[in-house]
Amino acid sequence: MLASIKLRVTHHDVYEEWEQQTRKDAFLSARHEQAVVGAARRQSQAAYHSELSSTRASLHKKQADDIQSKLNIYRSMQQMEEAKMREGWKERDRQLWERVERVIKMEEDKVKVKLEAERRRQQEEERRRKEVEERLKQEEERKQQALEKKRKEEEEKRQMEAREEEVKRQQLELEKQRVEQEQAEQEERKAIGLTTAAEDWRRGREMLKKLKSGPMAIVKADKSLKSLWSAGRRQITPKIGQLTNDAQAIGRISQQIVDIIRPSPMHSPPVYFALLSSLAKAILLQAETEVTAEKRSAIPLAQVTANLLGALEGFADIFWAKLCQRAGGWPIPAVVPTMDVDRMPFDDATRRKALGYRSEDESLSDYNLRVSGMMRVYFHVLSAPVAEPLDARFRLPRYWTYFARMLSSPQLLETSVAAEVLYVGLDVNGAMARDVWGGQWLKLMGILYEGATTGLYGSEGRLIGGKSPEGIAARVRVQLEIERLLKIG
């Protein structure tokens, strides 16, 4: 028991000793750790304070540099502002002195003007004084001269009035004689079938307008008449297209066309004239297409046309109107005027249509081909054999008239169409004209040949055929054809 108690006491002492030692060690360890942590904290604080001091120093230096830079900028701006102000003051001083000098100069100029005005006033007064003296001096002389002049003027006036009366009397007499002569010439032309180019143009245009506003308008407005007209037209067109250069075929087709247009019983006048218009159009369309491709096809077409011109009443006027509609002034020949027969001026579109162009985009070469095809048929009609004389516009003498008119119109001659039509006319009837008119025709051909050779014609030196490739080629063909006719070269 005692041993047990001793043992517990020993254990208790050991425990207390261990506990004290442990506390002591823990205290020492804590103090050591506190010393280490304190030293580390002091070292960290020292480094932080050192870094903060460095940062502050760098920031202070940067701020100082920025302040110095701004001060430099402000100093430069101040210097520039001061320089600008100095320049402004200098400019104001200069302008001030300029104004002062201008004012001084203006005042000097005013003084000069006043002095010059005074000098001129004195000169003007002196001049007026002299003028007054001169007028007073001459007034008496003029009075005497005026009396003498008035007497002479009255005498001259009486003589002039007498002369004017005589001139008026002579002019009236001459005008009367001219009118009587023109009336007599017009009657003579009518008696022998001669007309002027202007009359031929007017006749064709007036007939065309009457045809459109009369028979054609009536037929198109009436269904029954339009049906008759359409049926006849459909029969006519194939007949024209079936033509061959055979006398029997030409005679048969001519009669068939007459029977279509003039059946028994007869058509009413509107249908009759509408069919004549369609017949003329069919012939001209055939001339524009087939004759252009093969010129020999113009012979049977022209013969049928001549037969129908003699057989169908009124066909000559309608065919002439349609020919002038599709070929312009070339069948006459004549320059298309600036206004229509109703005195309405042509604009660009209507005048182009009156010239015979079929569309706005038809080229000159296509136009030349169409016109030459129709004119070839027309020239063949002039020489076609017929039972009775045709209208004067479709007789052989018109061939001479055609060339005479063409050669007397330089404005026409300088176009390419003129040269082409002249060649066609010579090719068709040149040899016949030589045989009919002999020396007169040869003389006319000599004049034309000279113009075709040199290219120039008339006193104005107009260029035959113009400068276009078509005109030059046609002019060469005219020259070669005349050489053939005259057997030159």
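Residues numbered from 1 in each chain as written. Predicted model: local features only at pLDDT ≥ 70, side-chain atom pairs only at ≥ 80, totals over all residues. Heavy atoms only, no water.

S.K.: How do you make sense of the packing of aromatic side chains when you look at a structure like this?
M.R.: When we look at a pair of aromatic rings, we describe it by the centre distance and by the angle of the planes. What the rule picks out here adds up to 18 aromatic pairs. Taking the centre distance of 6.4 Å and the plane angle of 65° together, the rings of tyrosine 402 and phenylalanine 403 count as edge-to-face. Each of the two residues, tyrosine 402 as well as phenylalanine 403, counts as buried. Summarising the aromatic geometry, the rings of tryptophan 437 and tryptophan 441 are spaced 6.2 Å apart at their centres and angled 35° between planes, so their arrangement reads as tilted. Like tryptophan 441, tryptophan 437 is buried. Feature note: the residues Phe315, Phe319, Trp320, Tyr378, Phe379, Phe394, Tyr399, Trp400, Tyr402, Phe403, Trp437 and Trp441 constitute an aromatic cluster, connected by ring pairs. Taking NZ or CZ as reference, arginine 92 lies 4.1 Å from the ring centre of tryptophan 89, over its face. When the ring centre of tyrosine 357 is taken as origin, the NZ or CZ atom of arginine 352, which lies over that ring, is 4.0 Å away. (Phe/Tyr/Trp six-rings, centres within 6.5 Å; stacked < 30°, edge-to-face > 60°. Buried < 20%, exposed > 50% of the residue type's maximum accessible area, 1.4 Å probe, protein only. Lys NZ or Arg CZ within 6 Å of the ring centre and 35° of its normal.)

S.K.: What is the right way to look at a positive patch on the surface in this model?
M.R.: A cluster of like positive charges, contributed by Lys212, Lys220, Lys226, Arg233, Arg234, Lys281, Lys353 and Arg358, occupies part of the molecular surface. Broken down by element, the residue count for the positive patch peaks at three residues, all from helix 3 (residues 223-241). Relative to the helices and strands, lysine 220 is located in helix 2 (residues 197-221). (Patch = residues over 30% accessible without salt bridge, like charges linked within 9 Å, V, L, I, M, F, W, Y side chains within 5 Å. Areas by Shrake-Rupley, 256 points an atom, 1.4 Å probe, with all protein chains shown as cover. Salt bridge = Lys/Arg side-chain N within 4 Å of Asp/Glu carboxyl O. Lys, Arg positive; Asp, Glu negative; His and termini not counted. Charge placed at Lys NZ, Arg CZ, Asp CG, Glu CD. Helix = DSSP H or I, 4+ residues; strand = E, 2+ residues; numbered from the N terminus.)

S.K.: Would you take a moment to explain the side chain of arginine 398 for this structure?
M.R.: By the secondary structure assignment, arginine 398 is in helix 10 (residues 397-407). For arginine 398, a relative accessible area of 5% puts it in the buried group. If we ignore the near neighbours within four places in the chain, the residues touching arginine 398 are Thr195, Asp200, Trp320, Ile332, Tyr378, Leu382, Ala392, Arg393 and Arg405. (Contact = heavy atoms within 4.5 Å.)

S.K.: Would you mind showing me how to read the layout of surface pockets here?
M.R.: By rolling a water-sized probe across the atoms, one finds the places where empty space is left. Reported here for the largest pocket is a volume of approximately 340 Å³. Around the largest pocket, the lining is made up of 15 residues, and of these Met216, Trp229, Ser277, Lys281 and Lys322 lie nearest the centre. Of all the secondary-structure elements, those providing two or more residues to the lining of the largest pocket are helix 2, helix 3, helix 5 (269-293) and helix 7 (315-327). Considered class by class, the residues forming the lining of the largest pocket number six nonpolar, four polar and five charged. Roughly 280 Å³ of volume is contained in the second largest pocket. Around the second largest pocket, the lining is made up of 15 residues, and of these Trp330, Leu355, Tyr367, Leu412 and Thr415 lie nearest the centre. Those elements that provide at least two residues to the lining of the second largest pocket are helix 9 (364-382), helix 11 (410-413) and helix 12 (416-437). In terms of residue class, the lining of the second largest pocket is made up of 10 nonpolar, four polar and one charged. (1 Å grid on protein atoms, 1.4 Å probe; cavity = no way out; pocket = protein on both sides within 12 Å on 5 of 7 lines; lining within 4 Å. Points joined across faces, edges and corners; volume = space filled by probe spheres on them. Nonpolar A, V, L, I, M, F, W, Y, C, P; charged D, E, K, R; others polar.)

Nothing here speaks to function; it is geometry throughout.
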